Protein chains: 2
Amino acid sequence: MSTLIAKDHAHLWHPCAQMKDYEIFKPLIVTGAKGSYIQLAKGKKIIDAISSWWCKSLGHQHPQLKKKLLQQIEKFEHVILANTTNEVIVNLSEKLANLTSDLKKVMYASDGSCVIEMAMKMSVHARIIEGKTKRKNFIALKNSFHGETIGAMSVSDVGIYKDPYHSLVFKVDFIDVPYCSGIDDPIWENCDEAWESIIKQLEPLSEKATAIIVEPIIQAAGQMRIYSKDFLKKLRNWTKKNDIHLIADEVMTGIGRTGKMLASEHANITPDFLCLGKGLTAGWLPLSALLMTDAIYYLFYDDYENGNNFLHSHTFSGNALAASIALEVLNIMKKDKMPERVLELGKVMFNMFLEIADKTKKLINIRGIGGVVAADLILAHEKQRLGYDIYQKAIRLGALLRPLGNTIYWAPPFNIEIAVLTKLKNITQQAIEM
Amino acid sequence: MSTLIAKDHAHLWHPCAQMKDYEIFKPLIVTGAKGSYIQLAKGKKIIDAISSWWCKSLGHQHPQLKKKLLQQIEKFEHVILANTTNEVIVNLSEKLANLTSDLKKVMYASDGSCVIEMAMKMSVHARIIEGKTKRKNFIALKNSFHGETIGAMSVSDVGIYKDPYHSLVFKVDFIDVPYCSGIDDPIWENCDEAWESIIKQLEPLSEKATAIIVEPIIQAAGQMRIYSKDFLKKLRNWTKKNDIHLIADEVMTGIGRTGKMLASEHANITPDFLCLGKGLTAGWLPLSALLMTDAIYYLFYDDYENGNNFLHSHTFSGNALAASIALEVLNIMKKDKMPERVLELGKVMFNMFLEIADKTKKLINIRGIGGVVAADLILAHEKQRLGYDIYQKAIRLGALLRPLGNTIYWAPPFNIEIAVLTKLKNITQQAIEM
């Protein structure tokens, strides 16, 4: 065992891991990364098929992002954002405000979970200011995942992440979701049938709810399940009719992943709160953003003495290094027409998954939206850890796939070359067949 | 109004702020920062007396940190840490493990709040694995502040941050704290008198508590209040006797701020969980770390199928850019004997505050520990916002003081020059007198 691996084992608890698994399946030693590839020690390189947890949307070592970071380093790295401002954070905020017609104010943190919690706190707090103190409950979707802190976990519904913490989370109502395979599925355009039962779940909750939180269009950690855009539209109408806030958790979907800048655009809706992270810096540095309407903002805009102050503080709010990258990410997304390219990429990816399914006969439920395609493995028995086997095989073959349980998916960098994608297809197929 | 300020006002919601305040007191436009100074537009520069919310411990633009960051940028910026490792993160983890004799495993996030929540989740989860399911409550200190997410806020006790969110937080028991002015206060060494009543508060909680969480030695957001090291020692003994975890929130105090690498060292204790943030990267980039004992770690070390998996995931866990800086911060702390220098700095700062108090007759309760000194303003009436007035005056005079309510404090970079400190003293005094 190399010294590095031994030290790793002695001191590092990796995220989202059973460390005993690392005894047999040792961590890969990363020495570099470029484009869609991760460089390993001893010369091997592997394809980053999941953009390092869905964040490295423009690949590794993007030269323009590097350039902007180097420029900012020469000026300053981080200054407290309370009562200060600067060109980078203002320009970034303006560009984020231009993503939608309604969400004109931005607040920053670093972790995705934290902006989810900020949105939740702000929703509840807004009700107190409005005098609507009965409205304090949250509604979320079944199979949702919004993060790992207690508040974000309360509105999440994926058991393996949540079950041990039932003594800490608060009660939330979860409603059904009409899933579909993508934009060619009839349910995508029309979910009337499912809606009949969903509205019955919603109506009893209408008077006490402050907000409903959703991952628009695709539930990522919840096995990359895609749902009807018609549902999102109907849900938005219902929230408007019932004076309930809509919180859109676009930490995974935002900034182009689904072939639109925001996944909400598929349903042509704007939420009251929008949460961004991951791809906001194209996976360079931690930065998350919460956008909200002027209506929300001005509820809190008051004389300090009146006590209507949203005092959520985050040390690194608006970190200048992260912000300088995010600003350039937004420039690149526009200049390179990235969302359109992602839509095209998605078609290729979907067809490749169809081919893999056809060749291996081991995949079902193929689904995709923009730069994500996924399918479930056909299992011999329920407890089989087939995804984990395939993960290990794919790494030996040259790709970091990291299935979600027994769901295989790709969410590669938007600018992955077709030749690399073809290689990824062959590796995926081979790993499944082996 | 400049275009930049107008755009700021149109789109940016600053952290921990009532935005209406910004109408009169406009945000400062930052164009650079170096050492202990923040550079403003139009040539003015101001002293960063609070290290940009207690994080820029080595000042701005530290050349060695910049050098290390530039080196890492050439290799890779961020690769998923699940099943991968690299030299930087392993070396950082090893150095963090060397901070204490007991805490040998490290897990990473980006926000301080998130590692607090990870510790809380891990404590509760550990009890389930041990079969001690009655132990699920948390104890915290009165006047504590541990962060802004729902879990971290549940164990916090500062009303202005917590009050609007009572429908979201869970119930926690808060106990008294024996405050003192610093290491020369007799209570620092002996808190027997206070302990008599504290132990009566603790005993009824002993069977159902899973953990007690503390900010060791100094409660930062809670008005920079310092407490007896003897209390922390007694509390640690009590937790050990009663099989209760001790979570040390050293997000603010850790990595040198109190004149020790960890504030826990003042009491010569090691907690079960240690949370680091802020100064871990000397305020360059968001990075937080949770350290825990091998005993905790091995409770979770099991066959995956048994379900004892701590699956907390964080996208940017172990971010290579942030980690490369943190590694060099730890090198500098050692090489430059920073904790010892901070102790010396603290003495100078304390004496300067005594002088200011003597000259102005407007300060009481002077207290200090290492690189923090604080005092309360004598108010004409309870609702007076005197701290905020002094804040504005000090900025005009050349220092970013940012009092906590009506508490004036300094927590400057550890390497601030005495000449700059003297300037800060004059500005502080003048701002109070004006």
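Everything quoted here is computed from the prediction, not taken from an experiment.

Student: Explain the side chain of B:S264 to me, and be specific about the residues and the numbers.
Tutor: Turning to its location among the elements, B:S264 is positioned in the loop between strand 12 (245-249) and strand 13 (273-276). Other than its neighbours up to four places away in sequence, B:S264 contacts B:P216, B:L232, B:A248, B:E250, B:I269 and B:P271.

Student: Pulling in residues and values, what's your account of helix 10 (residues 192-202) of chain B?
Tutor: Residues and elements named next belong to chain B. Residues of helix 10 that are buried: W195, I198, I199 and L202. Each buried residue of helix 10 sits inside an arc of 105° when the element is viewed along its axis, so together they form one side. Of the exposed residues in helix 10, the ones pointing more than 90 degrees away from its buried face are E193, E196 and K200. Of the surrounding elements, those touching the buried residues of helix 10 are strand 6 (137-141), strand 7 (173-175), strand 9 (209-214) and helix 11 (229-241).

Student: Break down the pairing of strand 2 (residues 37-40) of chain A for me, with residues and values.
Tutor: Remember that side chains alternate between the two faces of the sheet whenever the strand is regular. Residues and elements named next belong to chain A. Alignment of strand 1 (residues 28-34) against strand 2, held across 4 bridges, turns out to be antiparallel. Bridged to G32 within strand 2 is Q39. Between strand 2 and strand 3 (residues 45-48), which pair antiparallel in sequence order, lie 4 residues; one of them, K42, sits at a positive phi of approximately 65°.

Student: Can you tell me about helix 6 (residues 112-130) of chain B, naming the residues and giving the values?
Tutor: Residue and element names in this part refer to chain B. Taking 1.5 Å of rise per residue, the 19 residues of helix 6 would be expected to cover 27 Å, and the 27 Å separating its terminal C-alpha atoms lies within 8% of that figure. Across the 19 residues that make up helix 6, a large majority, 16, are buried. Of the residues one or two after helix 6, G131 is the one with positive phi, at around 80°.

Student: For the nonpolar core, give the residues involved together with the corresponding values.
Tutor: The biggest cluster of nonpolar side chains holds 201 residues, and the ones touching the most others in it are A:W54 and B:W54. Contacts of A:W54, omitting those with residues within four sequence positions, involve A:A220, A:A221, A:M224, A:M252, A:K278, A:L404, A:Y409 and A:A411. Core analysis: the second largest hydrophobic core is formed by 82 residues, A:V88, A:V106, B:L103 and B:L285 among them.

Student: Explain the interface of chain A and chain B to me, and be specific about the residues and the numbers.
Tutor: The partner chain B presents 120 residues to the 121 residues of chain A that form the contact. Here chain A meets chain B over a buried area of about 11300 Å², counting both sides, of which 63% is carbon and sulfur. Of all residues in chain A, A:H11, A:W13 and A:N83 bury the most surface against chain B, accounting for 9% of the area lost on that side. The interface formed by chain A and chain B includes 10 salt bridges. For A:E74, the salt bridge identified is with B:K66, shortest N-O distance 3.4 Å. The interface formed by chain A and chain B includes 69 residue pairs in polar contact (both at pLDDT 80 or more). If one sorts the elements of the side of chain A that touches chain B by residue count, helix 6 (residues 112-130) of chain A sits on top with 8 residues. When its residues are assigned to classes, the side of chain A that touches chain B shows 63 nonpolar, 32 polar and 26 charged. Bridge analysis of strand 4 (residues 84-85) of chain A against strand 1 (residues 28-34) of chain B gives 2 bridges, and the strand direction is parallel. Looking at strand 1 of chain B, one finds that A:T84 is bridged to B:L28.

Student: Go over the pattern of salt bridges with me, naming the residues and quoting the values.
Tutor: In this structure the tally under the stated criterion is 46 salt bridges over all chains. What emerges from the salt-bridge pattern is a single network uniting A:R127, A:E130, A:K132, A:R135 and A:D243.

Student: Tell me about the relation of the copies chain A and chain B, residues and numbers included.
Tutor: Between the two copies of this chain, the relationship is a rotation about some axis together with a displacement along it. Superposition record for chain A on chain B: RMSD 0.0 Å, screw rotation 180°, translation along axis 0.0 Å. The two molecules are tied by a two-fold rotation axis, judged by turn and shift. Here 99% of the contact residues of chain A are again contact residues in chain B; the copies associate through an equivalent surface.

Student: Let's hear about the packing of helix 4 (residues 63-75) of chain B against helix 13 (residues 320-335) of chain B: which residues, and what values?
Tutor: Residue and element names in this part refer to chain B. Here helix 4 crosses helix 13 at 145°, and the two axes come no closer than 9 Å. Read as a crossing pair, helix 4 and helix 13 show a hand that is right-handed. Contacts between helix 4 and helix 13 pair Q64, L65, K68, L69, Q72 and I73 from the former with A320, L321, S324, I325, E328, V329, I332 and K335 from the latter. Of the residues assigned to the contact of helix 4 with helix 13, the class counts are 8 nonpolar, 3 polar and 3 charged.

Student: Let's hear about the sheet that holds strand 13 of chain B: which residues, and what values?
Tutor: All names here are of chain B. With mixed pairing, 7 strands are arranged side by side in an open sheet as 5-14-13-12-9-6-7. A strand with exactly one partner marks an edge of an open sheet, and here the two such strands are strand 5 (103-109) and strand 7. Taken pair by pair, the neighbouring strands of this sheet meet at an average axis angle of 20°, ignoring direction. Looking at chain direction, strand 6 and strand 9 are connected through 4 bridges and run parallel. Counted as the bridge partner of F138 is A211 from strand 9. Across the sheet, helix 5 (residues 87-97) lies against strand 5, strand 13 and strand 14 (288-293), angled at about 130° from strand 5, the strand it touches most.

Student: Lay out the packing of helix 14 (residues 338-360) of chain B against helix 16 (residues 418-433) of chain B in plain terms, naming residues and giving numbers.
Tutor: All names here are of chain B. Closest axis-to-axis distance for the helix 14/helix 16 pair is 10 Å, and the angle between their directions is 25°. The angle between helix 14 and helix 16 places the two elements in the roughly parallel class. For the pair helix 14 and helix 16, the sense of crossing is right-handed. Across the interface between the two elements, L345, V348, M349, M352, E355, I356, K359 and T360 from helix 14 touch I418, L421, T422, K425, T428, Q429, I432 and E433 from helix 16. Of the residues in the contact of helix 14 with helix 16, the class split is 8 nonpolar, 4 polar and 4 charged.

Student: Can you tell me about the sheet that holds strand 10 (residues 218-219) of chain B, naming the residues and giving the values?
Tutor: Residues and elements named next belong to chain B. The strand order 8-11-10 describes an open sheet built from 3 strands, whose pairing is antiparallel. Each edge of the open sheet is held by one strand with a lone partner, namely strand 8 (179-180) and strand 10. As judged from the 2 bridges shared by strand 10 and strand 11 (residues 225-227), these two strands associate in the antiparallel manner. Bridged to I218 within strand 11 is I226.

Student: So what about the side chain of A:S313? Which residues, and what values?
Tutor: Among the structural elements, A:S313 can be located in the loop between helix 12 (294-300) and helix 13 (320-335). Here B:E148 takes part through its side chain, which lies 2.8 Å from a polar atom of the side chain of A:S313. Those residues in contact with A:S313 that lie beyond four places of it in its chain are B:P15, B:C16, B:W53, B:E148 and B:Y161.

Student: Let's hear about the packing of aromatic side chains: which residues, and what values?
Tutor: Using the criterion set out here, one finds 32 aromatic pairs over all chains in the structure. An aromatic cluster is present here, built from A:W13, B:Y297, B:Y298, B:F300, B:Y301 and B:F310 joined pairwise through their rings. Between B:K105 and the ring centre of B:Y297, over which it is positioned, the NZ or CZ distance is 4.6 Å.

Quick notes on the rules
Residues numbered from 1 in each chain as written. Chains lettered and ligands numbered in written order. Predicted model: local features only at pLDDT ≥ 70, side-chain atom pairs only at ≥ 80, totals over all residues. Heavy atoms only, no water. Helix = DSSP H or I, 4+ residues; strand = E, 2+ residues; numbered from the N terminus. Contact = heavy atoms within 4.5 Å. Buried < 20%, exposed > 50% of the residue type's maximum accessible area, 1.4 Å probe, protein only. Arc of directions from axis to C-beta. Pairing = 2+ DSSP bridges. Expected span 1.5 Å × (residues − 1). Core = buried A, V, L, I, M, F, W, Y, C linked by side-chain atoms within 4.5 Å. Buried area = accessible area lost by both parts, 1.4 Å probe. Salt bridge = Lys/Arg side-chain N within 4 Å of Asp/Glu carboxyl O. Polar contact = N/O pair within 3.5 Å; in protein donor to acceptor, adjacent residues only side chain to side chain. Nonpolar A, V, L, I, M, F, W, Y, C, P; charged D, E, K, R; others polar. Least-squares fit on C-alpha atoms with pLDDT ≥ 70 in both. Axes fitted to C-alpha atoms, helices over the stretch in contact; angles between N-to-C directions. Left-handed = near helix turned anticlockwise from the far one by under 90°. Parallel < 35°, antiparallel > 145°, perpendicular 65-115°, else oblique. Phe/Tyr/Trp six-rings, centres within 6.5 Å; stacked < 30°, edge-to-face > 60°. Lys NZ or Arg CZ within 6 Å of the ring centre and 35° of its normal.

Remember that the coordinates give geometry; whether it matters functionally is a separate question.
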